[in-house]
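In case you want the letters, here they are:
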Amino acid sequence: MDNPFKFGTVVEGAYFTDRVDERAFLTQILHSPNHAILISPRRYGKSSLVAETLRSEKRESISLNMQAVTSSLKLAEALYRRFFSLHPIEKARHYLSHLRIIPTLSINPVSGSPEVSFLPNVNAQVVLEDVFAMLEKAGQKKKLIVVLDEFQEILQIEKGLDKLLRSIMQEQQNINYILMGSQEDMMKKIFLRKKSAFYHFGNVIHLDRIPEADFKQYIEDRLPTKNRGKGISDDILSFTACHPYYTQQLAFQVWFELQQGAEIPLSVPTAIEHIIQAHDFDYSRLWESMNRTNRLVLLKLADNDKAPMENPELPPSTIFSALKRLVSAGILIKNGKYVYDDPFFKRWVKRII
Ligand SMILES: Nc1ncnc2c1ncn2[C@@H]1O[C@H](COP(=O)(O)OP(=O)(O)OP(=O)(O)O)[C@@H](O)[C@H]1O
Ligand SMILES: [Mg+2]
C-alpha cells in the first residue's frame, strides 16, 4: 500500500480535505464580476484550494507566480507564454492582429513550450497593456481566470506597476482574478489601505489552519492501524496544531514508522524525532544566521507560548522589531499571538534551552 499522505506540492482530490466554506465562497466569486484575494501564511493551502476549486470550474485559467517576475516586460512575456501554452500559436493568430507590439514567438525545440521575446528598448507599458487586452479578448466567450501568486511582489518589481495594473484590470469584464499572497502585512497594505491602488479590489479570503475534527478524520481514515490507532491522530494534531503542511508531513512519517513495525504509542514521537534529525543541519544553519535578539525571542517562545515581550533582558521595542523580522522571514506566524510556523523547529530550539 502506498503512503496516503502528501506534503510539499499542491494537493487535490483524495489528498484534499475540508475548505468547504472557502471553496463555496471562491466559486461564488468566480461566478460573479468580482475578484478574490487569498491570504494566508506559507503552506496553509492557498494553491491547493485554488487548484481544487478550478478543477470543477471547466474554465480556462492562467497562473503565474509573481516571485519569478523581475520587470513589467517579464510579466508580459510570462503571461504571453502561459497564454500560448493554452492556445497553440498557429490556432491563435487572430489574437495577435490586435496587438500594437507583436512579440517574436517560437517553440523551444527541446521542451516544446512557447517562447516569447521583444526587441530591446520596447515600450514595456504598451506590451503589458497589449497582453492584458488579449486576455480580456480571450475571455469573451467564457470568462478567463487569472491567478497571480505571491502578488505582494508587485510592490518590489517596478515602481508604479501596481497603479498601471489596477488601471488596466478595473476596465476588464471578462476575467476573474485570484490574487494570493503569504506576506500578510504586505497583502493587507495592498488591499486594505485606502491610499493603495488595489484598495478593495476584491473579496478577501483569509485561509486558516484546517479544523481539528476534520483533519482528525482525514488522518484516521488513512492510518494503516485497526481501531484507528487510538490517540495517534490526537498526538499528531497536538504537535502540529493543525498546520496543513506539517500535519501531512508528520502523518506521512508516522505511517512509515508504523509500516516499519513501530509500536502505536511510540509511532508519533519516533516520527517527530526522525523529522527533526533530517532537518538538524538546516536548523543549525538557520540558528547560526540569527542575531542575539532573534535568538532570545525564539528561545522564550519555545519555552512557553507566552508573550515574548515579557523579557527583562531586552526593551520591548527591540523585541517588537525582532518579532516583525521573524514574521516577515516566515519563522513566526502572527495569529492573534506570535507562534512558531514550524513545530519541528520549535522542538529543536527547545532542546537548546
Ligand atoms: N485542504 C487540504 N487538505 C489536506 N492537506 C492540505 C490542504 N491544503 C494544504 N495541505 C497541505 O499543505 C501543503 C501546502 O499546500 P499549498 O502548497 O497548497 O499551500 P500554499 O499556501 O500555496 O503554500 P505556499 O505558501 O508555499 O505557496 C500541501 O502539500 C498539503 O500537504
Ligand atoms: Mg502556493
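Every chain is numbered on its own, with residues counted from 1 as its sequence reads. Lettering for chains starts from A, numbering for ligands starts from 1, and both go in the order in which the items are written. In keeping with the model being predicted, local features are shown solely for residues with a pLDDT of at least 70 and side-chain atom pairs are shown and tallied solely at 80 or more, while totals for entire chains, interfaces and linings include all residues. The side-chain figures draw on all heavy atoms in the structure; neither hydrogens nor water molecules are used.

### Focus: helix α8 (residues 184–192)
(1) Moving on: Residue burial is assigned from relative accessible area. The probe radius is 1.4 Å, only protein chains are included, and a residue is buried under 20% of its type maximum, exposed over 50%, and partly exposed in between. Every helix listed is a DSSP run of H or I at least four residues long, and every strand listed is a run of E at least two residues long, numbered separately from the N terminus. Along α8, the residues that are buried comprise Met 187, Ile 190 and Phe 191. Projected down its long axis, α8 carries its buried residues within an arc of 80°, all on one side. To obtain the arc, one takes the directions from the helix axis to the C-beta atoms.

### Notes on the site of ligand 1
(1) Moving on: In the vicinity of ligand 1 lie 20 residues, with Lys 6, Thr 9, Arg 42, Lys 46 and Ser 48 positioned nearest.
(2) Moving on: Pairs of N or O atoms within 3.5 Å make up the polar contacts considered here, provided that, within protein, one atom can donate a hydrogen while the other can accept it, and that residues adjacent in sequence are counted only when both atoms are side-chain atoms. Thr 17 has a polar backbone atom sitting 2.9 Å from a nitrogen atom of ligand 1.
(3) Moving on: Summarising the interface, the protein chains cover 95% of the accessible area of ligand 1, which totals 630 Å² for the free molecule.
(4) Moving on: The rule is simple: put a 1 Å grid over the protein atoms alone, call a set of points where a 1.4 Å probe fits but cannot get out a cavity, call an open set with protein on both sides within 12 Å along at least five of seven lines a pocket, and count a residue as lining if it has an atom within 4 Å of a point. In this description, a molecule resides in a pocket or cavity if more than half of its atoms sit within 2 Å of the grid points defining it. When atom positions are compared with the pocket grids, ligand 1 is found to occupy the second largest pocket.
(5) Moving on: Sorting the residues of the shell around ligand 1 by element identifies α2 (46–55) and α11 (244–259) as the ones contributing at least two each.
(6) Moving on: Amino acid classes used here: Ala, Val, Leu, Ile, Met, Phe, Trp, Tyr, Cys and Pro are nonpolar; Asp, Glu, Lys and Arg are charged; the rest, including Gly, are polar. When its residues are assigned to classes, the shell around ligand 1 shows 8 nonpolar, 7 polar and 5 charged. We call a residue near a given molecule or strand whenever any one of its heavy atoms falls within 4 Å of it. All accessibility values rest on the Shrake-Rupley procedure with a 1.4 Å probe; residue burial counts only the protein chains present in the view.

### Section: the layout of surface pockets
(1) Moving on: Grid points are joined across faces, edges and corners, and a volume is the space filled by probe spheres set on the points. Estimated volume of the largest pocket: approximately 970 Å³.
(2) Moving on: As for the largest pocket, its lining consists of 40 residues, of which Pro 41, Val 327, Gly 330, Leu 332 and Ile 333 are closest to the centre.
(3) Moving on: Breaking the lining of the largest pocket down by element, the ones donating at least two residues are α8, α11, α12 (264–288), α14 (316–328), β8 (332–335) and α15 (343–350).
(4) Moving on: Its residues assigned to classes, the lining of the largest pocket comprises 20 nonpolar, 9 polar and 11 charged.
(5) Moving on: Each domain's extent was defined by an automatic or database domain assignment. Mapping the lining of the largest pocket onto the domain boundaries places at least three of its residues in each of domain 1 (19–206) and domain 2 (212–350).
(6) Moving on: Each pocket or cavity is described by its volume, and for the second largest pocket that value is around 480 Å³.
(7) Moving on: Around the second largest pocket sit 25 residues that line it, and Arg 43, Tyr 44, Gly 45, Lys 46 and Ser 48 are the ones nearest its centre.
(8) Moving on: Broken down by secondary-structure element, the contributors of at least two residues to the lining of the second largest pocket are α2 and α11.
(9) Moving on: Considering only residue class, the lining of the second largest pocket consists of 10 nonpolar, 8 polar and 7 charged.
(10) Moving on: Among the domains, domain 1 (19–206) and domain 2 (212–350) are the pair contributing at least three residues each to the lining of the second largest pocket.

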